[in-house]
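# Residue-level structure breakdown
These are the residues of each chain, in order.
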Amino acid sequence: MPRHTTRLRQLLNDPKILVAPGAYDGTGARLVEQLGFQAFYLSGFETAASILGQPDVGYLSHTQMVERVTAMADVVDLPLIADADTGFGNPLNVRRAVIAYERAGAAAMHIEDQTFPKRCGHMLGREVVPVHEMVQKIKAAVDARQDPDFVIIARTDARTAHGLDEAIDRGAAYHEAGADMLFIESPESEEEMRRICEAFRGTVPLLSNQVEGGRTPTPGVGVLQDMGYAPIFPVGTAFAAAKGMRDYLEVLATAGDTRGALGNLILFEEFTALIGLGEHTELERRYQSEQ
């Protein structure tokens, strides 16, 4: 089998659209694999929410993200695209992040051009660093990678505060600096999404951030393929899990038992099968001492 990095590049070059759902823990990663997706995505937003119970406003450290990348990459045989926020500092910090993410098993990572503290790309209040600062970060990222197939994704958050033309110009500069893929964050209409694709069609792959209830339209996979995007659905799994947990807890709080929630649950045997108990049972049998 080719390396995950090589597989991701092959998937990005395939005419068929690559859809990468978000997963923030090993159970979610297993579900993504079980349902036939070819890659998955680890977001800072979901990681901050799951580890810290805090919003995505720059609280996560390099170490926390690398630990989560390591755990996620280890549990399923799928290429992992990972969020690296602003690269956790200056170009030297970006170099360190690339080395760490690559060693941890990611197939791709993206860095963004926000000032620090950064914010989720669908929140207001984001500002961006000068273009030349981000260009140096991208050059540092490209220089640091050991596997030439490791995918460096450059994200710009310029659209919200500075307009679409500025965001497209930044994307072009970041591609020229060596980025393998561009992430023009939070266009606000399908017309804007198509303008981005027209600007880069045939030049560099484009990622679309599909956030339910966010600033960007979510027109569906068919429309996104027609436009020319590879979409991530980064946070919907966290939204779905939170809704499911709240519904379960409301039944327990109001009824005093959970029988009314059973129809919406994966129950014990199915859940333990999902997280690989059968594989571990077979390993125990294999290594049992002979009597």
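Residues numbered from 1 in each chain as written. Predicted model: local features only at pLDDT ≥ 70, side-chain atom pairs only at ≥ 80, totals over all residues. Heavy atoms only, no water.

### A closer look at the nonpolar core
By size, the foremost hydrophobic cluster in this structure holds 57 residues, and its most contacted members are Phe40 and Tyr101. Those residues in contact with Phe40 that lie beyond four places of it in its chain are Ala20, Pro21, Ala23, Ala29, Val32, Met72, Val76, Leu78, Pro79, Leu80 and Ile81. In terms of nonpolar packing, the next biggest core, distinct from the first, is built from 16 residues, Leu12, Ile81, Val151 and Phe183 among them. (Core = buried A, V, L, I, M, F, W, Y, C linked by side-chain atoms within 4.5 Å. Buried < 20%, exposed > 50% of the residue type's maximum accessible area, 1.4 Å probe, protein only. Contact = heavy atoms within 4.5 Å.)

### Examining the environment of Ala177
By the secondary structure assignment, Ala177 is in the loop between α8 (164-176) and β6 (181-184). Residue classification places Ala177 among the buried residues on the basis of a relative accessible area of 14%. In sequence terms Ala177 and Glu279 are 102 residues apart; their C-alpha atoms lie 45 Å from each other. Apart from residues no more than four positions distant in its own chain, Ala177 is found in contact with Val135, Ile138, Lys139 and Val142. (Helix = DSSP H or I, 4+ residues; strand = E, 2+ residues; numbered from the N terminus.)

### Some words on helix α5 (residues 91-104)
With 14 residues, α5 should reach 20 Å at 1.5 Å per residue; the first-to-last C-alpha distance of 20 Å fits that figure. Three or more residues of α5 are buried, namely Val94, Ala97, Val98, Ala100, Tyr101, Glu102 and Ala104. The inward-facing, buried residues of α5 abut α4 (62-75), β3 (80-83), β4 (108-112), α6 (131-144) and β5 (151-156). Of the residues that open α5, the one with a side-chain oxygen 2.9 Å from the backbone nitrogen of Leu92 is Asn90. In the stretch just after α5, Gly105 is the one whose phi turns positive, near 110°. (Expected span 1.5 Å × (residues − 1). Polar contact = N/O pair within 3.5 Å; in protein donor to acceptor, adjacent residues only side chain to side chain.)

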